[in-house]
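Okay, here's what each chain looks like letter by letter:
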Amino acid sequence: MSLKQNLHNLKEKYKGTKMAPAFNAIHTFLYLPNEVTHAGGTHIKAADDLKRTMNIVIMALIPCLLFGMFNAGYQHYAAIDNSLRADVLANFFTFDNLWIGIVKVLPLVIVSYGVGLLVEFIFAVIKGHEVEEGYLVTGMLVPLIVPVDTPLWMLSVAVVFGVVIGKEVFGGTGMNILNPALTIRAFLFFAYPTWMSGDKVWVYDAVNMNEADAISGETMLGYYAKSGQELTVKGANGAADIVTTYGDRANELYSTFDKFMGFIPGSVGETSTFLILIGAAILIFTKIGSWRIILSAFVGAAVMGLIFNQVVAADIITESSKFYGLMNTVWWEHLTIGGLAFGAVFMATDPVTGSQTNKGKWIYGFLIGFISIMIRVFNPAYPEGVFLAILLMNVFAPTIDHYVVQGNVKKRLNRTKVKTA
Amino acid sequence: MSKDIRIKKGLDIKLVGVAEKKTTNSSQSSVYAVKPEDFHGITPKLVAKEGAEVKAGDTLFYSKSDERILFPSPVSGKVTEVIRGARRKVLAVKIAADATQVYKDFGAKDADAMSAEEVKNHLFASGCWPFVKQRPYDVVANPNQAPKAIFISAYASAPLAADLEYTLAGKEAELQAAITAVSKLTEGLVHVSVGANTTSPLANLKGIELHKVSGPHPSGNVGTQIAKLDPINKGEVVWVITPQDLVVIGELLLTGKLNVSRTIALTGSQFSKPAYVTAISGAAIADVTANNLNDDNTRIISGNVLSGKEVKVEEFLGYYDNQITAIPEGDDYEFFGWNKPIFNKISTSRALTFSWLTPKKKYDLNTNTNGEHRAFVVTGSYEEVFPLDIYPMQLLKAFMYKDLDEMEALGGYEVAPEDFALTEFVCVSKQPHQKIIREGLDLMREELG
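Residues numbered from 1 in each chain as written. Chains lettered and ligands numbered in written order. Predicted model: local features only at pLDDT ≥ 70, side-chain atom pairs only at ≥ 80, totals over all residues. Heavy atoms only, no water.

Enquirer: How do you make sense of the overall build of chain A when you look at a structure like this?
Expert: A count of helices and strands for chain A gives 20 helices and 3 strands. Its C-alpha radius of gyration of 24 Å places chain A within 12% of the 22 Å reference for a compact globule of 421 residues. The principal-axis extent of the C-alpha atoms belonging to chain A is close to 80 × 75 × 35 Å. Here chain A holds 421 residues, and 58% of them are scored as buried. Taking the contacts inside chain A whose residues are at least 6 apart along the sequence as the reference set, 69% of them involve residues at least 24 apart. Accessible area for chain A stands at about 17200 Å²; split by element, carbon and sulfur atoms hold 67% of it. Mean positive and mean negative side-chain charge positions of chain A (30 and 30 charges, respectively) differ by 17 Å. (Helix = DSSP H or I, 4+ residues; strand = E, 2+ residues; numbered from the N terminus. Rg over C-alpha atoms; globule rule 2.2 N^0.38 Å. Buried < 20%, exposed > 50% of the residue type's maximum accessible area, 1.4 Å probe, protein only. Contact = heavy atoms within 4.5 Å. Areas by Shrake-Rupley, 256 points an atom, 1.4 Å probe, with all protein chains shown as cover. Lys, Arg positive; Asp, Glu negative; His and termini not counted. Charge placed at Lys NZ, Arg CZ, Asp CG, Glu CD.)

Right, here's the structure in full:
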């Protein structure tokens, strides 16, 4: 008997039992089910289902994941030996770099999927509904938005929290208010702030290296936030210490090309704006991601960046201000550093937690970009705002939609009034 | 002033099995059936008892809510069986047809000379009233409420739909008589819409407001046309009649006979020769599709693939239908069907689905759902195929949680289940849109009247 027939018989055998959802989840992973259309509806259906939709998002994320694996190794070795940065392209795609990625990043992916899907299966069995596909994407997003040195136990705790509180308590995929991946990220940030912020966690082993070599694993945003402060870099091989500022040091280490291509420290998958834009192209071309949200988020961020640039140009904020560094960052540079691009393309476009009307999507995306840069500049503890901005707008998305839909309702009411007047 | 209707949002689903323009007479069935469930929202009161002899046009049952609305026998013969379901609900009245048909004579009428009241009474008496349907709610029209307009769509855009230009050719006299009569029932206009560049027999009628329609399906849905021409507001009613039913009314007026025979399109890949046949409403599917149908694991649909009703070969043609579609059942598994590239199915996305490369290709779709039922997740896809000025997902959700105020405010009066056929087709979550809309409309009708 064929595999197909065997699985079919098993499905019939377990139908109606507690374990049926768990079995079906695996079965439908292998085979598109034999379900046919029901009475009272269309007799044919389009080819897309939720699995296919989610699968496209995962495929759009794969380049970022692979890049992140190489980058984990590259940042590690470049932190030890700065001269590697002189020829990025030659020193980036090496097996040594990839090996660090395999050792450090793959476990994040495995733990994220393992723990998350376990929670999903348990809930599906308890509540007797099918295992829904939402976590396929969440499970891939999570390792890409955490720092490479995140301990696996922390990640596990956060994933359990995020899936249960962020999603399952609302009723599962499609019912949640907050983006589960960002709930997980926010949990990590607020539960373990000393670990999750600062300049240690972004580069593999930076904690240990720092004591001996005074090497910083600072992110771009970290450098810019402190751009005016003095920084002492230990001279290599016994040379004299170099005294510089954070801002100068950043410009010395990373070119614009580095920032755009992603050869900078940061969360695993967020650094390469170039690959994120390729992901965006895939999402938009396949009509899976909303181009309205992506575009308006970038526009919103650019507008906020421009406003801050103008504030600096008008001398309202002086160099002594602690906000000066990031305010003075050129507006388009804001788009290439930090998590903005990744958030705008992969997180803001989550259809469940985002705005659902086309008009609402413009407003929602714009505000995400706008508020991201605002939080990034004004948050003294942690110079990044994308995940907070998206979570905030997740909460406001239903309100935005409400007013958009009310516009339609009003139009309908007016039509009646004109008639009766 | 006639207004043309041009829509951009929508989707033409191109399927294998377009009916060839050749009509044969199907052999007369030995048994016909009238099913009360074809008339949604009607509770039947039986008149014809088992064993009674009826002529074509004699009443079989009437509506419990309005005794004037009669439902006639399509053929003459003997009532052989009344099939009942749970709680003695009447499912079908079966009539064994006579070899030679005898028609009840309602008398030829001159439509021009009739008053509105006379037209109404004539339609009641002859059992033609059920041809008049109303929006809101998509049910047989309530005769006590005057319609602000009457809409007739003579442009069929549904997948594989019967070509009305072909099936109604030569029926100008009947159509004109019917239009003259029904136009007396409204103080408003009688809107008739035909395809652009058409030679439709309806294009040159008198007393109508002619509109030319272009664009993808659902441009031919009467609901789309109402929304574009004269949307329904709260408290208003419009009436809707299909052109093929107008022909029946016209023939009744001209000859005094109720002749519910029509040209039926046999379509879909499971017909060996998709073509047209003439048949009487309620005919046995087996007789209409004789020697043409491949009945091996086949879904037979009375109507089109989007809004038609599933029937078995031993069942009967729907009362209003002018199309039978037969497509393969899809009750099989497909290995990695959810992630491999798809070339043989239609999709509006490009998620490794390639139907966008071949917009002219005709597909042989089966009844597989291509995925499991899920909560609403994806947004924005319905809007692409939904031309009405309504938020489809928001309305569906309001219909699901049964908030009457919202159902009303979001446009519940303006929709019929068939308007949500395309959104159901493209739905990634495989939600039963038309069922949701039907149940919601029934609730609105019950609570709001």
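After that view of the structure, there is still more to cover.
Enquirer: Quick question: what am I supposed to make of the side chain of Ser290(A) here?
Expert: Residue and element names in this part refer to chain A. Along the chain, the position of Ser290 falls in the loop between helix H14 (273-285) and helix H15 (291-313). Look at Ser290 and you get buried, because its relative accessible area is 11%. Residue contacts for Ser290: discarding those within four places in its chain leaves Thr349 and Lys361.

Enquirer: Teacher, can you tell me more about a nonpolar patch on the surface here?
Expert: All names here are of chain A. Taken together, the side chains of Phe161, Ile165, Val169, Phe170, Met175, Ile177, Leu392, Val395 and Phe396 make up a nonpolar region of the molecular surface, amounting to roughly 770 Å² of accessible area. Breaking the nonpolar patch down by element, the ones donating at least two residues are helix H7 (152-166) and helix H20 (386-420). Here the element with the most residues in the nonpolar patch is H20; it accounts for 3 residues. With respect to the helices and strands, the residue Val169 is situated in the loop between H7 and helix H8 (180-191). Note on Val169: relative accessible area 53%, which makes it exposed. (Patch = residues over 30% accessible without salt bridge, like charges linked within 9 Å, V, L, I, M, F, W, Y side chains within 5 Å. Salt bridge = Lys/Arg side-chain N within 4 Å of Asp/Glu carboxyl O.)

Enquirer: I would appreciate a short explanation of the packing of aromatic side chains in the present structure.
Expert: Given two aromatic rings, one states the distance between the centres and the angle between the planes to describe the pair. Enumeration over the complete set of coordinates arrives at 46 aromatic pairs over all chains. Relative to Phe93(A), the ring of Phe70(A) has its centre 5.0 Å away and its plane inclined at 70°; by these criteria the two rings are edge-to-face. Linking Phe70(A) in helix H3 (residues 50-80) with Phe93(A) in the loop between helix H4 (88-92) and helix H5 (95-127), this pair joins segments that are 23 residues apart in sequence. Overall, the relative accessible area of 53% leaves Phe93(A) in the exposed class. When the ring of Phe39(B) is compared with that of Tyr320(B), the centres are 5.7 Å apart and the planes differ by 70°; the resulting orientation is edge-to-face. Within this pair, whereas Phe39(B) is found in the loop between strand S3 (31-34) and strand S4 (44-46), its partner Tyr320(B) is found in the loop between strand S19 (309-311) and strand S20 (323-328), the two being separated by 281 residues in sequence. Of the two residues, Phe39(B) and Tyr320(B), both sit in the buried class. Among the aromatic residues, those joined into a ring-pair cluster are Phe67(A), Phe70(A), Tyr74(A), Phe92(A), Phe93(A), Phe257(A) and Phe263(A). (Phe/Tyr/Trp six-rings, centres within 6.5 Å; stacked < 30°, edge-to-face > 60°.)

Enquirer: Looking at this structure, I do not really get the sheet that holds strand S8 (residues 77-84) of chain B. What am I missing?
Expert: Adjacent strands of a sheet pair through backbone hydrogen bonds, lying either parallel or antiparallel. Read across the sheet, 4 strands follow the order S3-S9-S8-S5 (chain B) without closing on themselves; strand pairing throughout is antiparallel. Every interior strand has two partners, whereas the edge strands, S3 and strand S5 (53-54) of chain B, have only one. (Pairing = 2+ DSSP bridges.)

Enquirer: For this particular structure, what's the right way to read the environment of Asn368(B)?
Expert: Residues and elements named next belong to chain B. Among the structural elements, Asn368 can be located in the loop between strand S21 (334-335) and helix H7 (392-401). For Asn368, a relative accessible area of 4% gives the class buried. Sequence separation between Asn368 and Leu252 is 116 residues, and the spatial gap between their C-alpha atoms is 43 Å. A distance of 2.7 Å separates a polar side-chain atom of Asn368 from the backbone oxygen of Gly330. Of the polar contacts made by the side chain of Asn368, one reaches the backbone oxygen of Asp332; its length is 3.4 Å. (Polar contact = N/O pair within 3.5 Å; in protein donor to acceptor, adjacent residues only side chain to side chain.)

Enquirer: So what exactly am I meant to see when it comes to the pattern of salt bridges here?
Expert: Oppositely charged side chains can pair when the atoms bearing their charge come close. One pass over the structure, following the stated rule, counts 36 salt bridges over all chains. Residues Asp389(B) and Lys411(A) are paired through a salt bridge, measuring 2.8 Å at the closest nitrogen-oxygen approach. Of this pair, Asp389(B) sits in the loop between S21 and H7 while Lys411(A) sits in helix H20, each in a different chain. The class of Asp389(B) is partly exposed, set by a relative accessible area of 44%. Measuring nitrogen to oxygen at the nearest pair gives 2.9 Å for the salt bridge that ties Arg415(A) to Glu414(B). In this pair, Arg415(A) is assigned in helix H20 and Glu414(B) in the loop between helix H8 (404-409) and helix H9 (421-426), connecting two distinct chains.

Enquirer: In this structure, what is going on with empty space enclosed by the protein? I would like to understand it.
Expert: All names here are of chain A. With the rule as written, the count across this model stands at 4 cavities of 30 Å³ or more. Approximately 330 Å³ is the volume found for the largest cavity. If you go around the largest cavity, you meet 24 residues; those closest to its centre are Met54, Val57, Val137, Asp350 and Pro351. Residue composition of the lining of the largest cavity, by class: 13 nonpolar, 9 polar and 2 charged. Approximately 80 Å³ is the volume attributed to the second largest cavity. Every residue along the wall of the second largest cavity is listed here: Gly68, Asn71, Ala72, Gln75, Val148, Trp202, Val203, Ile264, Pro265, Gly266, Ser267 and Val268. When its residues are assigned to classes, the lining of the second largest cavity shows 7 nonpolar, 5 polar and no charged. (1 Å grid on protein atoms, 1.4 Å probe; cavity = no way out; pocket = protein on both sides within 12 Å on 5 of 7 lines; lining within 4 Å. Points joined across faces, edges and corners; volume = space filled by probe spheres on them. Nonpolar A, V, L, I, M, F, W, Y, C, P; charged D, E, K, R; others polar.)

Enquirer: Which parts of the structure should I look at to understand helix H19 (residues 358-378) of chain A?
Expert: Structurally, the α-helix is built with 3.6 residues per turn, so residues lying three or four positions apart point the same way. Between its terminal C-alpha atoms H19(A) stretches 31 Å, which fits the 30 Å expected from 21 residues at 1.5 Å a residue. Residues Gly360(A), Lys361(A), Tyr364(A), Gly365(A), Ile368(A), Gly369(A), Phe370(A), Ile371(A), Ser372(A), Ile373(A), Arg376(A) and Val377(A) constitute the buried set of H19(A). (Expected span 1.5 Å × (residues − 1).)

Enquirer: I keep staring at the side chain of Glu120(A) and nothing clicks. Help me out?
Expert: Residue and element names in this part refer to chain A. You can see Glu120 is positioned in helix H5. For Glu120, a relative accessible area of 2% translates into the label buried. In terms of polar contacts, Glu120 uses its side chain to reach the side chain of Lys167, at 2.6 Å. In this structure Glu120 touches Val131, Glu132, Tyr135, Val163, Lys167 and Glu168, once residues within four positions along its chain are discounted.

Enquirer: What is the right way to read unusual backbone geometry from this model?
Expert: Trans is the prevailing form of peptide bonds, just as negative phi is the prevailing case for residues other than glycine. All names here are of chain B. A cis amide bond, omega 0°, links Arg135 with the succeeding residue Pro136. Note on placement: Pro136 falls in the loop between strand S10 (133-135) and strand S11 (139-140). Positive phi, normally seen in glycine, also occurs at Asn297, with a value near 55°. Turning to its location among the elements, Asn297 is positioned in the loop between helix H6 (285-288) and strand S18 (298-302). Its identity is not glycine, yet Asn370 carries a phi of approximately 55°, on the positive side. Note that Asn370 resides in the loop between S21 and H7.

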